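Close look at the chain arrangement
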Amino acid sequence: SPCRSRMGRLAGLGIASLLLVAAWAAPADEGMRKEEKPRDDLTAYGNLDLDNYDLPLDNYGEMVDLSNYEELYDYGDLAPKIEVGTLAPPAKAQEAPPGPATTAETLELQPPSPSGHPAPLEPVTAGGPPGCRRCLCLGTSAYCDDAGLERVPPLPPHTAYLYARYNRIGHVRAADFAGLAQLKRIDLTSNSISRADADAFRLLPRLQELLLPGNRLTALPELPRSLVRLDARLNRIPSAGLRPDAFRDLAQLQFLHLSDNELDFIPAPLPQSLRSLHLQNNNIRSLQEDTFCDSRDHGHVRRALEDIRLDGNPINLSLFPDAYFCLPRLPTGRFH
């Protein structure tokens, strides 16, 4: 009938329309899925806290402490070491001067002189702060290890940590650290230092660690009252090379290491703050009853001073029984 014919045509048109919609919708859905996937990935990356990957170079010297190459209680000799020093930048980097926005202030190395010896350091210009001509400067730290230095190099005024080990520095001058009021640690291990000016370190108001082992010193200069640790092992210091009462006023001194020198007696008086005293392998033969303790106050206990090394000296510690009554433990050494 005409009615059935019209309904059949309408049904056919409906089925055709559905097929067309399905054919159009399938690619659209696939395209939507392709577009949505990157959004999912971005959401996953958005959960990462990328801010924590930044390294604040201003605090680099305090965050990354590169000074602990030897233990505080290193009883052994300072054996010769071969260390990889600060590497020179590639030749291409040496040709181009650093830009003003460089955070790690690494300045180019000076070329050697025709004689084969390192060229002398250039004087600091008055137009700006000194740079690191032979060192790597990161934040407040200057790394100058094994750089062939014959003198302390000019440094930026904000330097707090200086590492200039395994060089050929022979003389520390008072002017070497002028203007470096932020210095906290100076490490000049294994150089050829035979002389240090009287004011080479005394005027540094924040200096806490002075490390001078493995040099040729025959006398110690005046020391700042801020000092916490002094290490002058493996030098040639006799008792005459110490100023009278050299350590009495160092109220913050905790570690005094003078082993492997030429001391004839213990450098008293010692500050009450002292925790560790290393004097092994010297020429100490005697000590006084009040070297460690107050002979007038037998009730006082010196609890901080618990690490005293006197082994390797020609002294018989058993001959001085009244010298240790205030100590928490007896010194290490020969008692027979």
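Right, let's walk through the structure included here. Predicted, not measured: the structure shown is a model, and the values here were computed from it.

Turning our attention to the overall build of the protein chain. Helix and strand counts for the protein chain come out as 3 helices and 11 strands. Put simply, the protein chain runs from its N terminus to its C terminus through helices and strands in the order α-α-α-β-β-β-β-β-β-β-β-β-β-β. Within the protein chain, the fraction of its 336 residues that count as buried is 38%. Residue pairs at least 24 apart in sequence account for 49% of intrachain contacts in the protein chain once pairs closer than 6 positions are excluded. Summed over all atoms, the accessible surface of the protein chain reaches about 19,300 Å², with 55% contributed by carbon and sulfur.

What follows covers the pattern of salt bridges. According to the stated counting rule, one finds 14 salt bridges in the structure shown. Between D245 and R248 there is a salt bridge, and its shortest N-O distance comes to 3.3 Å. Owing to a relative accessible area of 35%, D245 belongs among the partly exposed residues under this scheme. A salt bridge links E306 to R329, with the nearest nitrogen and oxygen atoms 3.3 Å apart. Of this pair, E306 sits in the loop between strand 10 (276–278) and strand 11 (307–309) while R329 is found in the segment after strand 11, placing the two residues 23 residues apart along the sequence. With a relative accessible area of 38%, E306 lands in the partly exposed category. Look at R329 and you get partly exposed, because its relative accessible area is 46%. Members of the salt-bridge network, linked through shared partners, are D199, R202, E222 and R243.

Moving on to the environment of G312. Relative to the assigned elements, G312 resides in the segment after strand 11. With a relative accessible area of 49%, G312 lands in the partly exposed category. Measuring from C-alpha to C-alpha, the distance between G312 and R334 comes to 8.3 Å, with 22 residues separating the pair along the chain. Beyond its immediate chain neighbours, meaning those up to four positions away, G312 contacts N281 and N282.

We now examine the sheet that holds strand 2 (residues 141–143). In space, the 9 strands of this open sheet follow the order 1-2-3-5-7-8-9-10-11, with mixed pairing throughout. The sheet is open, and its two edges are formed by strand 1 (136–138) and strand 11, each paired on a single side. Put simply, the sheet's adjacent strands are angled 5° from each other on average, direction ignored. Here strand 2 runs beside strand 3 (residues 161–163); their pairing, made up of 3 bridges, is parallel. Note on strand 3: the bridge partner recorded for S141 is Y161.

Tallied over the full model, the rule gives 3 aromatic pairs. On the basis of an interplanar angle of 35° and a centroid distance of 5.8 Å, the ring pair of F177 and F201 is categorised as tilted. On the criterion of sequence distance, the pair formed by F177 in the loop between strand 4 (171–172) and strand 5 (185–187) and F201 in the loop between strand 6 (195–196) and strand 7 (209–211) is long-range, its members being 24 residues apart. Accessibility expressed as a relative area gives 3% for F177, which makes it buried. F201 sits in the buried class, given a relative accessible area of 0%. For the ring pair Y324 and F335, a centre distance of 6.3 Å and an interplane angle of 70° mean the geometry is edge-to-face. Of this pair, Y324 sits in the segment after strand 11 while F335 sits in the segment after strand 11; the two residues are 11 residues apart in sequence, bridging distant segments of the chain. Its relative accessible area of 7% is what places Y324 among the buried residues.

Reading the values: the criteria
Residues numbered from 1 in each chain as written. Predicted model: local features only at pLDDT ≥ 70, side-chain atom pairs only at ≥ 80, totals over all residues. Heavy atoms only, no water. Helix = DSSP H or I, 4+ residues; strand = E, 2+ residues; numbered from the N terminus. Buried < 20%, exposed > 50% of the residue type's maximum accessible area, 1.4 Å probe, protein only. Contact = heavy atoms within 4.5 Å. Areas by Shrake-Rupley, 256 points an atom, 1.4 Å probe, with all protein chains shown as cover. Salt bridge = Lys/Arg side-chain N within 4 Å of Asp/Glu carboxyl O. Pairing = 2+ DSSP bridges. Axes fitted to C-alpha atoms, helices over the stretch in contact; angles between N-to-C directions. Phe/Tyr/Trp six-rings, centres within 6.5 Å; stacked < 30°, edge-to-face > 60°.

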